[in-house]
There are 2 protein chains.
Amino acid sequence: MNLVSNNLVDLAENLRGLGISPTKQRIAIGEVIFSRNQHISAEQILEKVQKADASVSKATVYNTLNLFVEKKIVRELIIDRSKVFYDPNTDFHHHIYNVDTGEIRDISAESLSVTGLPELPSGVQLEGADVVIRVRSKPVESAVSV
Amino acid sequence: MNLVSNNLVDLAENLRGLGISPTKQRIAIGEVIFSRNQHISAEQILEKVQKADASVSKATVYNTLNLFVEKKIVRELIIDRSKVFYDPNTDFHHHIYNVDTGEIRDISAESLSVTGLPELPSGVQLEGADVVIRVRSKPVESAVSV
DNA sequence: GTCAGTGCAAACCCTTTGCAGAAAG
DNA sequence: CTTTCTGCAAAGGGTTTGCACTGAC
């Protein structure tokens, strides 16, 4: 399910359909996340939500994000050592991450494909496959021979 | 460069060759990391090092790991939201991560291949390409329809 | 009225930092 | 001797938790 650009009515309905009671805060958070394709941190979500609807706390943002991830309507991007990013696009796709600027860009699954997924150990279930291409803006001086 | 299973003399020499002065602590840390192929956290490294050589502090472990990563003799695995793992195998390969048990296993680049690496934006240099297959041990009950 | 959801602040945990002392070259 | 490195403890920063309050049904 991909909820990006869903309108508010649909969002509430969709949450309800997943057994998530659509509280004011969850709607506000969902509205921020699903407004467009993006890669956004919890802190950024909190900022944006509070700009639109002051009564959402940090704890609720985290609770809600974890709930959305568990329900698989948001994808968690573990890309940076310091913080998690959240991606409303749950369609299979990959990422290119600039370690210098922090910029994250999508790579479609069509343009970059992963083949040869190994046989999974028994009793184990596939959860996801993440491909992260890391780039840096500038050459590392120390790595360049003089 | 892959330093796994190097002996101590080689390790000191290799560090020196990279402009890393081979202090007692760095050797002790390197000895733990490069003793075998593994995926190990900073905390685990600290434990093991202290078991063998009591005089290494947490700060030095972190400093040394960051130095080794920068010098590209250790690969940093950003796989889990809570902590970074370190991999002495710098040859191109991928990982399968069990989110329930925390187990990390290697997938060779031969068995799983990534094709269609996008053209990088100009002024940007490839730093690495990480593929993580996430699995879980048990089906998520809430995800199973009743 | 009951139970789930929220807000606040404190706790947590991994990682980094500041600085004085120790070691390397 | 000078510079780099280390140890300690404290600070930092993202995330989680405990608990009382609020709101949904």
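Counting restarts for each chain, with residues numbered from 1 along the sequence as it is written. As a convention, the first chain written is A and the first ligand written is 1, with the rest following in written order. For a predicted model such as this one, the threshold for reporting local features is a pLDDT of at least 70, and the threshold for listing and counting side-chain atom pairs is 80 or more; totals across whole chains, interfaces and linings nevertheless cover every residue. No hydrogens and no water enter the side-chain calculation; it runs on all heavy atoms of the structure.

Moving on to the protein's contact with DNA strand C. Neighbouring DNA strand C are 19 residues, the closest being T23, S55, S57 and T60 of chain A together with Y62 of chain B. Atoms of DNA strand C within 4 Å of the protein belong to the sugar or the phosphate in 84% of instances, the rest to bases. We call two N or O atoms a polar contact when they sit within 3.5 Å, provided that within protein one can donate a hydrogen and the other can accept it, with sequence-adjacent residues counted only if both atoms are side-chain atoms. Residue V56 of chain A places a main-chain N or O atom 3.4 Å away from a phosphate oxygen belonging to DNA strand C. Measuring from a phosphate oxygen of DNA strand C, one finds a side-chain N or O atom of Y62 of chain B at 2.5 Å. By the criteria applied, helices consist of DSSP H or I runs no shorter than four residues and strands consist of E runs no shorter than two, each listed in order from the N terminus. The set of elements that each furnish at least two residues to the surface near DNA strand C consists of α2 (24-34) and α4 (58-70) of chain A together with α4 (58-70) of chain B. In terms of residue count, α4 of chain B provides more of the surface near DNA strand C than any other element does, five residues in total. The classification used treats Ala, Val, Leu, Ile, Met, Phe, Trp, Tyr, Cys and Pro as nonpolar, Asp, Glu, Lys and Arg as charged, and all other residues, Gly among them, as polar. Partitioned by chemical class, the residues of the surface near DNA strand C number six nonpolar, eight polar and five charged. For this purpose, a residue is taken to be near a molecule or strand whenever a single non-hydrogen atom of the residue falls within 4 Å of it.

To continue, consider the pattern of salt bridges. All names here are of chain A. Salt bridges are identified by distance alone: a Lys or Arg side-chain nitrogen within 4 Å of an Asp or Glu carboxyl oxygen. Considering all chains together, one arrives at 14 salt bridges over all chains under this definition. In this structure, the salt-bridge partner of R16 is E13, at a minimum N-O distance of 3.8 Å. With R16 and E13 both in helix α1 (residues 8-17) and three residues apart, the pair spans about one turn of that helix. Relative accessible area serves as the criterion here: at 45%, E13 is assigned to the partly exposed category. The buried label applies to any residue whose accessible area, calculated with a 1.4 Å probe on protein chains only, is under 20% of its type's maximum; exposed applies above 50%, and partly exposed to all values in between.

Turning our attention to the pairing of strand β4 (residues 93-98) of chain A. Residues and elements named next belong to chain A. Of all six residues that make up β4, six are buried, and the element is covered over most of its length. A strand pair is defined by DSSP finding two or more bridges across the two strands. The pairing of β4 with strand β5 (residues 104-108) spans five bridges and is antiparallel. Across the sheet, Y97 pairs through a bridge with I104, a residue of β5. Here β4 folds back onto β5 in antiparallel fashion, the turn holding five residues, of which G102 has a positive phi close to 85°. Summarising the sheet, β4 and strand β7 (residues 125-136) pair through four bridges and their orientation is parallel. Across the sheet, residue N98 finds its bridge partner in β7, namely V135.

Before going further, it helps to spend a moment on the protein's contact with DNA strand D. Inspection of the region around DNA strand D gives 18 residues, with Y62 of chain A together with T23, S55, S57 and T60 of chain B positioned closest. Counting only atoms of DNA strand D within 4 Å of the protein, the fraction found in sugar and phosphate groups is 83%. Within the backbone of V84 of chain A, a nitrogen or oxygen atom sits 3.0 Å from a phosphate oxygen of DNA strand D. For DNA strand D, a phosphate oxygen lies 2.7 Å from a polar atom in the side chain of T60 of chain B.

What follows concerns empty space enclosed by the protein. Over the atoms, a rolling probe the size of a water molecule traces out where space has been left empty. The method works on a 1 Å grid over the protein atoms by themselves. A cavity is a set of points holding a 1.4 Å probe that cannot get out, a pocket is an open set with protein on both sides within 12 Å along at least five of seven lines, and residues with an atom within 4 Å of a point line them. Grid points are joined across faces, edges and corners, and a volume is the space filled by probe spheres set on the points. In total, this model carries two cavities of 30 Å³ or more according to the counting rule given. Of the pockets and cavities examined, the largest cavity occupies roughly 80 Å³. I78, D130, V132 and R134 of chain A together with L77, I78, I79, H95, D130, V132 and R134 of chain B are the residues that line the largest cavity. Counting residues per element, the ones that place at least two in the lining of the largest cavity are β7 of chain A together with β7 (125-136) of chain B. Counted as a void, the second largest cavity has a volume near 50 Å³. Surrounding the second largest cavity, R75, E76, L77, I78, I79, H95, D130, V131 and V132 of chain A together with R134 of chain B form its lining. Secondary structure elements with two or more residues in the lining of the second largest cavity: β2 (75-77) and β7 of chain A. Considering only residue class, the lining of the second largest cavity consists of five nonpolar, one polar and four charged.

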